Amino acid sequence: ALDPTNRFALWNKGLAHLELGEWEEGFRLYDEAGFVATALKPMERKVKTYGGLPKWDGTPGQTVICYGEQGIGDEIMFASMLPDLMQRAKVIIDCDKRLDKLFRRSFPDAVAVYPTSDVDAPFPWIKNHKVDAYLPMGTLGKWFRRTAADCPKTPFLIAEESACARWRTALAAFDGLKVGISYTGGFKKTRQDKRTIPLDQWGPILSVPGCHFFSLQYQPFAADEAAMVGNKLGVPIHHWQDVIDDYNETAAFVKELDLVISVNTSLIHLCGALGVPTLCLTPKYVAWRYGIKGPNPFYGSVEMLRQSKDDDWVPVIKKARQILE
(Lines give C-alpha, C1' and ligand atoms only; values in the text may rest on other atoms or scores of the structure.)
Protein backbone atom coordinates (compact mmCIF):
# COMPACT_ATOMS: atom_id res chain seq x y z
CA ALA A 1 0.00 0.00 0.00
CA LEU A 2 2.84 2.42 0.81
CA ASP A 3 4.88 1.59 -2.30
CA PRO A 4 2.89 -0.35 -4.93
CA THR A 5 5.87 -0.64 -7.28
CA ASN A 6 8.35 -1.88 -4.67
CA ARG A 7 10.26 -4.63 -6.43
CA PHE A 8 11.09 -6.53 -3.22
CA ALA A 9 7.49 -6.53 -2.01
CA LEU A 10 6.17 -7.68 -5.39
CA TRP A 11 8.74 -10.49 -5.61
CA ASN A 12 7.96 -11.77 -2.12
CA LYS A 13 4.23 -11.45 -2.73
CA GLY A 14 4.64 -13.55 -5.87
CA LEU A 15 6.49 -16.25 -3.93
CA ALA A 16 3.77 -16.21 -1.27
CA HIS A 17 1.05 -16.76 -3.89
CA LEU A 18 3.04 -19.63 -5.42
CA GLU A 19 3.61 -21.19 -2.00
CA LEU A 20 -0.13 -21.09 -1.32
CA GLY A 21 -0.86 -22.75 -4.67
CA GLU A 22 -2.28 -19.54 -6.17
CA TRP A 23 -0.18 -20.00 -9.27
CA GLU A 24 -1.85 -17.67 -11.76
CA GLU A 25 -1.15 -14.55 -9.73
CA GLY A 26 2.08 -16.03 -8.37
CA PHE A 27 3.64 -16.66 -11.77
CA ARG A 28 2.50 -13.24 -13.00
CA LEU A 29 4.43 -11.51 -10.19
CA TYR A 30 7.28 -14.01 -10.46
CA ASP A 31 7.74 -12.83 -14.03
CA GLU A 32 7.04 -9.15 -13.43
CA ALA A 33 9.28 -8.62 -10.40
CA GLY A 34 11.90 -11.30 -11.03
CA PHE A 35 13.58 -9.34 -13.80
CA VAL A 36 13.78 -5.95 -12.07
CA ALA A 37 17.16 -4.86 -10.72
CA THR A 38 17.78 -2.05 -8.23
CA ALA A 39 20.88 -0.29 -6.97
CA LEU A 40 20.69 -2.42 -3.83
CA LYS A 41 20.14 -5.85 -5.33
CA PRO A 42 20.45 -7.56 -8.71
CA MET A 43 17.46 -9.17 -10.38
CA GLU A 44 16.34 -12.52 -9.00
CA ARG A 45 16.28 -14.25 -12.39
CA LYS A 46 18.86 -14.46 -15.17
CA VAL A 47 18.21 -12.58 -18.42
CA LYS A 48 19.75 -13.70 -21.68
CA THR A 49 18.23 -12.03 -24.76
CA TYR A 50 20.48 -13.61 -27.41
CA GLY A 51 21.54 -10.39 -29.05
CA GLY A 52 18.37 -8.45 -28.35
CA LEU A 53 15.55 -10.79 -29.30
CA PRO A 54 12.05 -9.95 -28.01
CA LYS A 55 10.53 -12.00 -25.23
CA TRP A 56 7.98 -14.50 -26.50
CA ASP A 57 4.45 -13.09 -26.33
CA GLY A 58 2.58 -16.32 -26.99
CA THR A 59 2.47 -16.01 -30.78
CA PRO A 60 2.01 -19.57 -32.11
CA GLY A 61 4.36 -21.05 -34.69
CA GLN A 62 7.39 -18.93 -33.82
CA THR A 63 10.89 -20.30 -33.22
CA VAL A 64 11.69 -19.65 -29.56
CA ILE A 65 14.87 -20.12 -27.51
CA CYS A 66 13.86 -21.36 -24.07
CA TYR A 67 16.77 -21.15 -21.64
CA GLY A 68 17.46 -22.39 -18.13
CA GLU A 69 17.94 -19.47 -15.78
CA GLN A 70 18.07 -20.86 -12.24
CA GLY A 71 19.50 -23.86 -10.37
CA ILE A 72 19.64 -27.30 -11.93
CA GLY A 73 16.71 -28.60 -9.88
CA ASP A 74 14.53 -25.66 -10.89
CA GLU A 75 15.56 -26.14 -14.49
CA ILE A 76 14.44 -29.77 -14.40
CA MET A 77 11.15 -28.79 -12.77
CA PHE A 78 10.42 -26.07 -15.33
CA ALA A 79 11.42 -28.41 -18.15
CA SER A 80 8.24 -30.36 -17.39
CA MET A 81 6.49 -27.57 -19.29
CA LEU A 82 8.66 -27.76 -22.43
CA PRO A 83 6.24 -30.22 -24.09
CA ASP A 84 3.46 -27.63 -23.57
CA LEU A 85 5.58 -24.96 -25.26
CA MET A 86 6.46 -27.31 -28.13
CA GLN A 87 2.75 -27.63 -28.92
CA ARG A 88 2.67 -23.88 -29.54
CA ALA A 89 6.11 -23.07 -30.92
CA LYS A 90 9.30 -24.45 -32.45
CA VAL A 91 11.65 -24.70 -29.50
CA ILE A 92 15.43 -24.45 -29.17
CA ILE A 93 16.42 -25.50 -25.64
CA ASP A 94 19.46 -23.82 -24.09
CA CYS A 95 20.25 -25.67 -20.87
CA ASP A 96 22.80 -26.20 -18.13
CA LYS A 97 25.71 -28.20 -19.53
CA ARG A 98 25.07 -30.94 -16.97
CA LEU A 99 21.63 -31.53 -18.49
CA ASP A 100 22.67 -31.52 -22.14
CA LYS A 101 22.60 -35.29 -22.81
CA LEU A 102 19.52 -35.82 -20.68
CA PHE A 103 17.52 -33.10 -22.46
CA ARG A 104 18.64 -34.16 -25.95
CA ARG A 105 17.33 -37.64 -25.27
CA SER A 106 14.15 -36.56 -23.50
CA PHE A 107 12.93 -33.84 -25.87
CA PRO A 108 13.36 -35.23 -29.41
CA ASP A 109 10.74 -32.79 -30.75
CA ALA A 110 12.93 -29.79 -29.94
CA VAL A 111 14.56 -28.04 -32.89
CA ALA A 112 17.90 -28.34 -31.07
CA VAL A 113 19.42 -28.53 -27.60
CA TYR A 114 22.52 -26.53 -26.62
CA PRO A 115 24.44 -26.46 -23.28
CA THR A 116 25.16 -22.71 -23.25
CA SER A 117 22.62 -21.25 -20.83
CA ASP A 118 25.24 -19.67 -18.54
CA VAL A 119 24.61 -15.94 -18.73
CA ASP A 120 28.10 -15.21 -20.10
CA ALA A 121 28.33 -18.25 -22.38
CA PRO A 122 28.57 -17.47 -26.14
CA PHE A 123 25.91 -18.88 -28.44
CA PRO A 124 27.48 -19.15 -31.91
CA TRP A 125 24.88 -21.74 -32.88
CA ILE A 126 22.23 -19.03 -33.26
CA LYS A 127 23.49 -18.25 -36.77
CA ASN A 128 22.21 -21.68 -37.83
CA HIS A 129 18.63 -20.81 -36.93
CA LYS A 130 16.06 -18.16 -37.72
CA VAL A 131 14.86 -17.25 -34.22
CA ASP A 132 11.87 -15.07 -33.38
CA ALA A 133 11.99 -14.74 -29.58
CA TYR A 134 13.48 -15.94 -26.31
CA LEU A 135 11.78 -17.23 -23.16
CA PRO A 136 13.22 -17.88 -19.68
CA MET A 137 12.28 -21.41 -18.65
CA GLY A 138 10.73 -20.23 -15.36
CA THR A 139 8.31 -18.06 -17.33
CA LEU A 140 6.66 -21.16 -18.77
CA GLY A 141 4.57 -21.30 -15.60
CA LYS A 142 2.84 -18.06 -16.53
CA TRP A 143 1.67 -19.64 -19.78
CA PHE A 144 0.99 -23.26 -18.86
CA ARG A 145 0.50 -23.71 -15.10
CA ARG A 146 -2.41 -21.62 -13.85
CA THR A 147 -3.07 -24.18 -11.10
CA ALA A 148 -1.37 -27.28 -9.75
CA ALA A 149 -4.09 -29.30 -11.49
CA ASP A 150 -2.41 -28.34 -14.79
CA CYS A 151 0.59 -30.54 -13.89
CA PRO A 152 0.36 -33.98 -15.55
CA LYS A 153 2.72 -35.46 -12.90
CA THR A 154 4.03 -37.99 -15.42
CA PRO A 155 7.76 -38.73 -15.97
CA PHE A 156 9.30 -36.62 -18.72
CA LEU A 157 13.04 -37.35 -18.60
CA ILE A 158 14.61 -40.47 -20.10
CA ALA A 159 17.79 -41.98 -18.69
CA GLU A 160 20.36 -43.48 -21.07
CA GLU A 161 19.56 -47.18 -21.47
CA SER A 162 23.17 -48.33 -21.88
CA ALA A 163 24.12 -46.55 -18.65
CA CYS A 164 21.05 -47.98 -16.91
CA ALA A 165 22.06 -51.48 -17.99
CA ARG A 166 25.57 -50.94 -16.64
CA TRP A 167 24.29 -49.83 -13.23
CA ARG A 168 21.65 -52.55 -13.22
CA THR A 169 24.45 -55.10 -13.50
CA ALA A 170 26.49 -53.42 -10.77
CA LEU A 171 23.51 -53.26 -8.40
CA ALA A 172 22.55 -56.88 -9.03
CA ALA A 173 25.35 -57.85 -6.63
CA PHE A 174 23.26 -56.43 -3.76
CA ASP A 175 20.32 -58.51 -2.50
CA GLY A 176 17.35 -56.61 -1.12
CA LEU A 177 16.23 -53.04 -1.63
CA LYS A 178 18.62 -50.53 -3.17
CA VAL A 179 18.00 -47.13 -1.57
CA GLY A 180 19.62 -43.82 -2.48
CA ILE A 181 19.96 -41.14 0.20
CA SER A 182 20.76 -37.43 0.26
CA TYR A 183 20.85 -35.43 3.47
CA THR A 184 22.07 -31.89 2.64
CA GLY A 185 20.70 -29.45 0.06
CA GLY A 186 21.32 -25.91 -1.07
CA PHE A 187 23.73 -23.27 0.16
CA LYS A 188 23.70 -20.81 3.02
CA LYS A 189 21.64 -18.26 1.06
CA THR A 190 19.12 -20.93 0.04
CA ARG A 191 18.63 -22.11 3.63
CA GLN A 192 20.89 -25.12 3.78
CA ASP A 193 20.25 -25.10 7.53
CA LYS A 194 16.58 -25.97 6.94
CA ARG A 195 17.36 -28.51 4.22
CA THR A 196 19.84 -30.65 6.12
CA ILE A 197 19.43 -33.71 8.32
CA PRO A 198 22.90 -34.69 9.57
CA LEU A 199 23.73 -38.19 8.40
CA ASP A 200 24.33 -39.45 11.92
CA GLN A 201 20.61 -38.78 12.62
CA TRP A 202 19.56 -41.23 9.89
CA GLY A 203 20.10 -44.27 12.14
CA PRO A 204 16.42 -45.35 12.27
CA ILE A 205 16.32 -45.44 8.45
CA LEU A 206 19.76 -46.95 7.93
CA SER A 207 19.08 -49.74 10.41
CA VAL A 208 16.13 -51.17 8.47
CA PRO A 209 17.18 -54.71 7.50
CA GLY A 210 17.21 -55.96 3.94
CA CYS A 211 18.36 -52.64 2.47
CA HIS A 212 21.55 -51.38 0.84
CA PHE A 213 22.16 -47.63 1.00
CA PHE A 214 23.90 -45.47 -1.60
CA SER A 215 24.97 -41.91 -0.93
CA LEU A 216 23.89 -39.45 -3.62
CA GLN A 217 25.47 -36.49 -1.83
CA TYR A 218 27.55 -34.23 -4.06
CA GLN A 219 29.73 -32.23 -1.63
CA PRO A 220 33.49 -32.96 -1.65
CA PHE A 221 33.36 -34.43 1.86
CA ALA A 222 30.49 -36.83 1.10
CA ALA A 223 32.52 -40.00 0.55
CA ASP A 224 34.45 -39.58 3.80
CA GLU A 225 31.27 -38.77 5.72
CA ALA A 226 29.48 -41.82 4.35
CA ALA A 227 32.39 -44.03 5.41
CA MET A 228 32.69 -42.46 8.86
CA VAL A 229 28.98 -42.51 9.73
CA GLY A 230 28.47 -45.93 8.18
CA ASN A 231 31.29 -47.31 10.32
CA LYS A 232 29.82 -45.64 13.43
CA LEU A 233 26.35 -47.10 12.81
CA GLY A 234 27.61 -50.43 11.57
CA VAL A 235 25.83 -50.00 8.21
CA PRO A 236 27.73 -49.73 4.91
CA ILE A 237 26.85 -46.51 3.04
CA HIS A 238 28.19 -46.87 -0.48
CA HIS A 239 29.42 -43.75 -2.27
CA TRP A 240 30.37 -44.21 -5.92
CA GLN A 241 31.93 -40.98 -7.13
CA ASP A 242 31.46 -41.70 -10.83
CA VAL A 243 27.71 -41.61 -10.16
CA ILE A 244 28.06 -38.09 -8.78
CA ASP A 245 30.52 -36.61 -11.29
CA ASP A 246 28.34 -36.99 -14.40
CA TYR A 247 24.66 -36.05 -14.24
CA ASN A 248 23.87 -38.42 -17.10
CA GLU A 249 25.24 -41.22 -14.91
CA THR A 250 23.35 -39.90 -11.88
CA ALA A 251 20.08 -40.15 -13.81
CA ALA A 252 20.80 -43.70 -14.97
CA PHE A 253 21.86 -44.81 -11.49
CA VAL A 254 18.81 -43.49 -9.63
CA LYS A 255 16.56 -44.97 -12.30
CA GLU A 256 17.85 -48.41 -11.25
CA LEU A 257 17.24 -47.86 -7.52
CA ASP A 258 14.14 -49.11 -5.72
CA LEU A 259 13.72 -45.93 -3.69
CA VAL A 260 15.36 -42.57 -3.00
CA ILE A 261 15.06 -40.78 0.35
CA SER A 262 16.20 -37.17 0.24
CA VAL A 263 15.90 -33.72 1.74
CA ASN A 264 14.86 -30.81 -0.51
CA THR A 265 17.53 -30.69 -3.18
CA SER A 266 17.89 -31.02 -6.95
CA LEU A 267 17.82 -34.80 -6.57
CA ILE A 268 14.09 -34.62 -5.77
CA HIS A 269 13.45 -32.99 -9.15
CA LEU A 270 15.63 -35.47 -11.02
CA CYS A 271 13.91 -38.47 -9.40
CA GLY A 272 10.44 -37.01 -9.90
CA ALA A 273 11.17 -36.26 -13.55
CA LEU A 274 12.35 -39.84 -14.08
CA GLY A 275 9.43 -41.37 -12.16
CA VAL A 276 11.65 -42.88 -9.44
CA PRO A 277 9.81 -43.62 -6.13
CA THR A 278 11.04 -40.95 -3.72
CA LEU A 279 10.45 -39.85 -0.14
CA CYS A 280 10.99 -36.11 0.21
CA LEU A 281 11.97 -35.09 3.77
CA THR A 282 10.59 -31.57 3.91
CA PRO A 283 11.01 -28.74 6.44
CA LYS A 284 8.06 -26.83 7.87
CA TYR A 285 9.20 -23.64 6.14
CA VAL A 286 9.60 -24.73 2.57
CA ALA A 287 10.44 -23.33 -0.86
CA TRP A 288 7.33 -22.62 -2.92
CA ARG A 289 8.10 -25.49 -5.33
CA TYR A 290 7.03 -28.02 -2.70
CA GLY A 291 3.88 -26.24 -1.52
CA ILE A 292 3.00 -25.79 2.14
CA LYS A 293 0.73 -28.85 2.33
CA GLY A 294 -0.55 -31.81 0.40
CA PRO A 295 1.17 -33.91 -2.27
CA ASN A 296 4.05 -32.74 -4.42
CA PRO A 297 2.51 -30.48 -7.07
CA PHE A 298 4.90 -31.45 -9.88
CA TYR A 299 5.81 -35.13 -9.50
CA GLY A 300 3.60 -38.18 -9.07
CA SER A 301 6.38 -40.45 -7.77
CA VAL A 302 7.48 -38.13 -4.94
CA GLU A 303 5.84 -38.56 -1.53
CA MET A 304 6.09 -35.56 0.81
CA LEU A 305 7.01 -36.26 4.44
CA ARG A 306 6.58 -32.87 6.11
CA GLN A 307 7.78 -31.44 9.41
CA SER A 308 4.93 -30.32 11.65
CA LYS A 309 7.32 -28.50 13.99
CA ASP A 310 10.25 -26.40 12.82
CA ASP A 311 13.62 -28.19 13.12
CA ASP A 312 12.04 -31.39 14.48
CA TRP A 313 13.06 -34.17 12.12
CA VAL A 314 12.36 -37.08 14.49
CA PRO A 315 8.75 -37.76 13.34
CA VAL A 316 9.78 -37.37 9.70
CA ILE A 317 12.59 -39.89 10.08
CA LYS A 318 10.21 -42.24 11.92
CA LYS A 319 7.66 -42.03 9.09
CA ALA A 320 10.34 -42.66 6.47
CA ARG A 321 11.46 -45.73 8.41
CA GLN A 322 7.88 -47.06 8.56
CA ILE A 323 7.45 -46.67 4.81
CA LEU A 324 10.82 -48.29 4.14
CA GLU A 325 9.91 -51.23 6.38
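So, here's what we can say about the structure. (Residues numbered from 1 in each chain as written. Predicted model: local features only at pLDDT ≥ 70, side-chain atom pairs only at ≥ 80, totals over all residues. Heavy atoms only, no water.)

By secondary structure assignment, the location of E249 is in helix α11 (residues 247-255). Accessibility expressed as a relative area gives 13% for E249, which makes it buried. In this structure, E249 is in contact with A163, R166, W167, D242 and V243, ignoring residues within four places of it in sequence. (Helix = DSSP H or I, 4+ residues; strand = E, 2+ residues; numbered from the N terminus. Buried < 20%, exposed > 50% of the residue type's maximum accessible area, 1.4 Å probe, protein only. Contact = heavy atoms within 4.5 Å.)

Size it by volume and the second largest pocket reaches roughly 180 Å³. In terms of lining residues, the second largest pocket is bounded by 13 residues, among which E19, G21, G291, K293 and P297 are the most central. Per-class residue counts for the lining of the second largest pocket are 8 nonpolar, 3 polar and 2 charged. (1 Å grid on protein atoms, 1.4 Å probe; cavity = no way out; pocket = protein on both sides within 12 Å on 5 of 7 lines; lining within 4 Å. Points joined across faces, edges and corners; volume = space filled by probe spheres on them. Nonpolar A, V, L, I, M, F, W, Y, C, P; charged D, E, K, R; others polar.)

This paragraph deals with the sheet that holds strand β8 (residues 259-263). Overall, parallel pairing links the 6 strands, which are arranged β7-β6-β5-β8-β9-β10 in an open sheet. Since the sheet does not close on itself, it has two edges, and those belong to β7 (237-238) and β10 (302-306), each with one partner. Seen against the sheet, helix α12 (residues 266-274) touches β5 (177-182), β8, β9 (278-282) and β10 and runs at an angle of roughly 150° to β8. (Pairing = 2+ DSSP bridges. Axes fitted to C-alpha atoms, helices over the stretch in contact; angles between N-to-C directions.)

What sets the pattern is the α-helix's 3.6 residues per turn: residues three or four places apart point alike. Most of α12 is tucked away: 9 of the 9 residues are buried. Residues of α12 that are buried: S266, L267, I268, H269, L270, C271, G272, A273 and L274. One or two residues past the end of α12 sits G275, with phi positive at roughly 80°.

Look at helix α3 (residues 72-79) against α12: their axes get within 7 Å of each other, and the N-to-C directions meet at 25°. One element, α3, and the other, α12, form an angle in the roughly parallel class. When the axes of α3 and α12 are compared, the crossing they make is left-handed. In this structure, α3 uses I72, G73, I76 and M77 to contact α12, whose residues at the interface are S266, H269, L270 and A273. Counted by class, the contact of α3 with α12 contains 5 nonpolar, 3 polar and no charged residues. (Parallel < 35°, antiparallel > 145°, perpendicular 65-115°, else oblique. Left-handed = near helix turned anticlockwise from the far one by under 90°.)

The next thing to look at is the sheet that holds strand β2 (residues 90-94). Overall, parallel pairing links the 4 strands, which are arranged β3-β2-β1-β4 in an open sheet. The open sheet has two free edges, formed respectively by β3 (112-114) and β4 (133-136), since each of these has just one partner strand. Strand-to-strand twist in this sheet, taken as the mean axis angle between neighbours without regard to direction, amounts to 25°.

Taking burial as the measure, the 5 residues of β2 include 4 buried ones, the bulk of the element. Direction of pairing for strand β1 (residues 63-67) relative to β2: parallel, over a ladder of 5 bridges. Note on β2: the bridge partner recorded for C66 is I93. Where β2 meets β3, 3 bridges bridge the pair, whose relative direction is parallel.

Applying the stated rule across the entire model yields 25 aromatic pairs. A ring pair is formed by W23 and F298, whose centres lie 5.2 Å apart and whose planes are at 20°; its orientation type is stacked. In this pair, W23 is assigned in helix α2 (residues 23-34) and F298 in the loop between β9 and β10, connecting sequence segments 275 residues apart. Seen in terms of ring centroids, Y30 and W288 are 5.9 Å apart; in terms of plane orientation they differ by 70°. Their pairing is edge-to-face. (Phe/Tyr/Trp six-rings, centres within 6.5 Å; stacked < 30°, edge-to-face > 60°.)

Further remarks concern α2. Where α2 is concerned, the buried positions are W23, G26, F27, L29, Y30, D31, A33 and G34. On its buried side, α2 packs onto α1 (7-19), α3 and α6 (140-144).

You can see C66 is positioned in strand β1. In contact with C66, other than residues within four places in its own chain, are L82, L85, V91, I92, I93, D94, L135, P136, M137 and L140.

Residue placement: T278 occurs in strand β9. A polar side-chain atom of T278 sits 2.8 Å from the main-chain carbonyl oxygen of V276. Setting aside residues up to four positions removed in sequence, T278 forms contacts with L259, V260, I268, C271, S301, V302 and E303. (Polar contact = N/O pair within 3.5 Å; in protein donor to acceptor, adjacent residues only side chain to side chain.)

Another aspect to go through is the pattern of salt bridges. Scanning the model with the defined rule gives 19 salt bridges in all. The salt bridge partner of K142 is D31, with a shortest N-O separation of 3.3 Å. You can see K142 sitting in helix α6 and its partner D31 sitting in helix α2, a full 111 residues away along the chain. Overall, the relative accessible area of 31% leaves K142 in the partly exposed class. Judged by its relative accessible area of 8%, D31 is buried. A cluster of three or more residues bridged by salt bridges with shared partners is formed by D31, R45, K55, E69 and K142. (Salt bridge = Lys/Arg side-chain N within 4 Å of Asp/Glu carboxyl O.)

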